[in-house]
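# Fold and contact review
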Amino acid sequence: MPLLQERLKAPPLPLSVVARPRLNDFFALHERVRLLVVQAPSGYGKTTLLAERLPALEQEAAWLRLDQRDNQPERFLSYWQAAIQSLLGEHTPLSPLAEGAECDEQECVEQLERWLAELPEQRAACRLVVDEFEHLTHPDILAGLAHWLRHQPPWLTLTLASRSCPALGLASLRLRGELEEIDLSALAFDSEEAQTLCAEQLSFPPTRVSLERALRRSGGWVMALNWLVGRTTTRAGFDALVERLNGGHPDFVAWFDELLAEALPPEERELMLQLGVLERFTPELMARLLEGERLTQRLEAFEQAGLFIERPDPHAQWYRFQRLFGEYLRHRRHELSLATQRTLHQRASQAWLALNDPIMALRQAILAESPEEVASLLVAQGPALLASGAYALLAQGLGLLGEPHISTRPELALLYGWVSHAQFQFDITARVISWIEAQLEVPEWQVLSAEFATLRAQLAINQGNAERAAPLAEQALAVPARYLASTPLTATAILSEARFVLGYLDESLQRVREVERLARQREDHQLLLWSFCHQSETLVAQGRLQAAYDIQERAFAHLERAELEHLPVAEFLYRIRSQVLWEWHRLDEAEQAALKGIAVLDNQGERWTLQCHIQLAKIAQSRGDQAQCADHIRRLRKILAEGDYHIDWVANAHATLLAWWHSTQDLDTVERWRQEAPAPVTEGATNHFAQCNVRNHARALTLLGQCEEARTLLEALEVHTQRLGLVTDANRNQLCLAAAAWSAGQETQARHHMHQALSLASRTALVGSFLRLGKPLGELLNGLLASGTLAALEQARAERLLALAGQQKDFGCARRLMLDETVIADIVARPDVPELIRTSPLTRREWQILGLIHAGLSNEQIAEQLSVAPTTIKTHIRSLYQKQNIRRRDEAIALAGQRWAHIQGE
């Protein structure tokens, strides 16, 4: 039988391949490991991974790529012999395969055993790769390969790429430690790999927010990410396509339809659609939900067929569908009758309730469109659902009932009030409170008087009325809670917030530590986490950023221990961690914290993530990345326009917008902002957000040349910072006073304020707020250093700030060599350019890296600037050095200098 030699070679790699060194540990050659299985559904890059990694790790390998026709023993053995022979070479020929004979199981095993006996005992370690192994189902072939595995020499590692689970006795191999496995969770792209994919194939870097969202929506499925990148031409287009990245998209529907038609008979397809009503499931839950026989075995068949079923925990019996495939199943649910769908959802709701999961029970009851069941669940499980932070789901359930129904039940009204408050819909909260106040004399409403007083106190806090909030919270503490057991704790927390708003920070700390103590006693994990966050905010206001960071460390330990990562309060923690890290100029860590905060709330709606988007804009601007910053500013303004936020959030957002308008010299917008922004009220500036709002007006006035008015506002603020110990605000105010004096030409006064700011920074350790000053910072610091008036600690801080300011200039300088293809083509065409460059030209990315090397950036800084992994930078540098016949970084710097001279025409 003639053999196709192309099937005995590694496939050619795509033009752009993402190297995946994080998976190298799976490829360690060890004589104990007989088998490596790379198993995942189609589109996860199994073949590409093996074809790229094995040469990179310098591992010798023979290849055999199968198709459906190879599921015949004689044909399979012919190709198997050829693959083994390619490993051994001509000097160790294998005995021929008998032609024309029937090959049953015994003959298949005997033939493979003959070849095993002919293999050398010693040889350099190598692999035999069998790709598309799912085509092999013939029992004689599988029996022969199982026998081969038991007896293959230790120098050989069999490596299988398969959509389905190979029926080769993996369980025994796993227990003996002779099996290595790479599944779809390991094959899914991570953040660094997705960044590299975009950097290699797109002429612009999408924002990290959009990229992380694409990863979450695709589950890291390589095919989906390639689909996204291949259809994108602009950053806005990328964002829009991410929003449409769904298993119900026509492209994915058609693909999944073909997959199911090929893999399942019609009756099994219907079972799959019925199972699609569940987001996660166990065999027990399937039995409660579905009717039929052999459900567990049928589920295992789905899993083995490679149908996008995942096990989040390999040691547990929980399953879930890959996100896009689950969305596809929900899209195809219309093939079931409406009555069948409702029945399934009702059964699922009851099953989840029996498993003590009220969130999933409510979700299914809502899908069943059963108002009576939803109302019953809300009243009975409302406290647990609130404690779980399921605000968006509660809002859906309440929306199904409608306000006329809600307003007649005190429990539902209370839930509606808290949910609307949590979603910043303060007008709805006020309306709910009007219902409550109109019915407080009704006995069944009086029962919840403690809960109602707490809700009214919380709204008062959010409206900035701490004087009204405090007595309401005291009133709540005076009567027992009848419905929400957390009410006394919440009221105590509101009292702490009220003291914080009024500027009494020590008393606020004392009260919030009482909240922490009580939350521990009651095992109220959500309020315990909130207490840590509030302590951190208070410590920041006092200028004790290191103490705030330490409290956050305790909070993160509790977050992990209590598994609270999904709760909205977790975003609070990530956000305040990002704020501290930005002030310390630890930008990578600050960005990671903000992105995690957005991930927590991604399903709740973008408006919740305003604070984290503020952080990302600040970070991009601190890096000097104007393109990324512009995108974050665009998104920030969109979110602001769509919601009504507390002054804390608004003031932080406006501070970032003003910094952006300063960098772009958009003074017309600054003037318009002054007319529309919250008024600068200095009398009540007893907290960080009121101070920030007034400081924003001072910044705007400085930009507009009205420096004396700015100084007047800032000096009024300082009365409160001195009286109440708002040390961090005092530090920032001094920086604004320095900027105002500098703009007014009062250099001596500007240096005085900068000296004061440096002195305060000995306590606060601020960095980010200093760097926001831009060019005046360097001149003021140089003047102070030259004057010799700084104490040792102040001098060290000034020198560090100057160094950081210099690094920011390096980023700006480096952007000069972000060349487009036209400029590069012009350089290469010049007659004085060496022949080596014309015959082996650099890619655009290599030109960019050469420019960044010339600017003095390290590999890590280059990776940060280009939004790719450091390992990718090393790969490009190695290619660049080979093309230009250079060996060291100083040679690369000299080469870049020569090229830059050509660009400038020198």
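What you see is a predicted model, and the numbers here were worked out from it, not measured in a lab. (Residues numbered from 1 in each chain as written. Predicted model: local features only at pLDDT ≥ 70, side-chain atom pairs only at ≥ 80, totals over all residues. Heavy atoms only, no water.)

### Remarks on the packing of helix H36 (residues 688-703) against helix H38 (residues 727-743)
Put simply, the rule is: Throughout, an axis means a line fitted to C-alpha atoms (over the contacting stretch in the case of helices), and angles, computed between N-to-C directions, take values from 0 to 180 degrees. Put simply, DSSP H or I for four residues or longer makes a helix, DSSP E for two residues or longer makes a strand, and each gets a number counted from the N terminus. Any angle between 65 and 115 degrees counts as roughly perpendicular, while under 35 counts as roughly parallel, over 145 as roughly antiparallel, and the rest as oblique. When checking whether two residues touch, look at their non-hydrogen atoms; a contact exists if any pair is within 4.5 Å. Classes in brief: Ala, Val, Leu, Ile, Met, Phe, Trp, Tyr, Cys and Pro nonpolar; Asp, Glu, Lys and Arg charged; the others, Gly included, polar.
Contact pair H36 / H38: the axes reach a minimum separation of 10 Å and the direction vectors enclose 10°. Of the possible angle classes, the one that applies to H36 and H38 is roughly parallel. Residues His-688, Gln-691, Arg-695, Arg-699 and Thr-702 of H36 pack against Asp-729, Arg-732, Asn-733, Cys-736, Ala-739, Ala-740 and Ser-743 of H38. Within the contact of H36 with H38, the residues separate by chemical class into 3 nonpolar, 5 polar and 4 charged.

### Quick word on the confidence of the model for the protein
Where we set the bar: Each residue carries a pLDDT score, the predictor's own confidence in it, on a scale running from 0 to 100.
When pLDDT is averaged along the protein, the result is 89; 94% of the residues meet or exceed 70. Counted against residues more than four places away or in other chains, residues 809-821, with its pLDDT under 50, gives 29 contacts.

### Things to note about the sheet that holds strand S7 (residues 309-310)
Pairing between the strands of a sheet is mediated by backbone hydrogen bonds and can be parallel or antiparallel. Definition in use: Think of it this way: DSSP has to see at least two bridges between two strands before they count as a pair.
Spatially, 3 strands are ordered S6-S8-S7 in an open sheet, and the strand pairing comes out antiparallel. Of all the strands in the sheet, just strand S6 (280-281) and S7 have a single pairing partner and so form its edges. As judged from the 2 bridges shared by S6 and strand S8 (residues 319-321), these two strands associate in the antiparallel manner. Bridging across to S8, Arg-280 finds its partner in Arg-320.

### Details of a negative patch on the surface
Convention followed: For patch detection, residues must exceed 30% relative accessible area and be free of salt bridges, and they are connected within 9 Å for like charges or within 5 Å for nonpolar side chains (Val, Leu, Ile, Met, Phe, Trp, Tyr). Surface accessibility in these figures is a Shrake-Rupley result with a 1.4 Å probe; residues are shielded only by whichever protein chains are displayed. The term salt bridge refers to a pairing of a side-chain nitrogen on Lys or Arg with a carboxyl oxygen on Asp or Glu at a separation within 4 Å. The convention is simple: Lys and Arg are positive, Asp and Glu are negative, and His and the chain ends are not counted. Taken as the charge location is NZ of Lys, CZ of Arg, CG of Asp or CD of Glu. Throughout, exposure labels follow a simple rule: accessible area from a 1.4 Å probe, protein chains only, divided by the maximum for the residue type, with under 20% read as buried, over 50% as exposed, and the rest as partly exposed.
A cluster of like negative charges, contributed by Asp-104, Glu-105, Glu-110 and Glu-113, occupies part of the molecular surface. Here Glu-105 lies in helix H3 (residues 105-118). The class of Glu-105 is partly exposed, set by a relative accessible area of 42%.

### Description of the pattern of salt bridges
Opposite charge on two side chains permits them to pair, given that their charged atoms come into close proximity. Applying the stated criterion across every chain yields a total of 58 salt bridges. Where Arg-213 meets Glu-243, a salt bridge forms, and the shortest distance between an N and an O atom there is 4.0 Å. Here the residue Arg-213 occupies a position in helix H8 (residues 208-218), and Glu-243 occupies one in helix H10 (residues 235-243), the gap between them amounting to 30 residues. One salt bridge in this structure joins Asp-257 and Arg-269, with 4.0 Å as the shortest N-O distance. A residue pair is termed long-range when its members are at least 10 positions apart, and Asp-257 in helix H11 (residues 250-263) and Arg-269 in helix H12 (residues 266-275) qualify at 12 residues.

### Topic: the packing of aromatic side chains
Rule in force here: Stacked, edge-to-face and tilted are the three classes for Phe, Tyr and Trp ring pairs, Trp counted by its six-membered ring, which pair at centre distances within 6.5 Å; planes under 30 degrees apart are stacked, over 60 edge-to-face, the rest tilted.
Scanning the model with the defined rule gives 30 aromatic pairs in all. Here Tyr-416 and Trp-435 contribute two aromatic rings whose centre-to-centre distance is 6.1 Å and whose plane-to-plane angle is 25°, an arrangement assigned as stacked. Placement of the pair is Tyr-416 in helix H21 (residues 410-422) and Trp-435 in helix H22 (residues 426-439), with a sequence separation of 19 residues. Here a set of aromatic residues connected by ring pairs shows up, and it is made of Tyr-44, Trp-221, Trp-227, Phe-252, Trp-255, Phe-256, Phe-281, Phe-308, Tyr-319, Phe-321, Phe-325 and Tyr-328.

### Observations concerning the sheet that holds strand S3 (residues 126-131)
Taken in spatial order, the 5 strands make up an open sheet running S2-S3-S4-S1-S5, and their pairing is parallel. Edge positions in the open sheet fall to strand S2 (61-65) and strand S5 (179-182), since each of these has one partner strand only. On average, adjacent strands in this sheet sit at an angle of 15° to one another, irrespective of strand direction. In this sheet, strand S4 (residues 156-162) lies alongside strand S1 (residues 35-39) in parallel orientation, the contact comprising 5 bridges. Paired with Leu-36 across the strands is Thr-159, a residue of S4.

### Concerning the environment of Leu-259
Here Leu-259 lies in helix H11. Spatially, the C-alpha atom of Leu-259 lies 47 Å from that of Ala-653, the residues being 394 residues apart in sequence. Other than its neighbours up to four places away in sequence, Leu-259 contacts Leu-307 and Phe-308.

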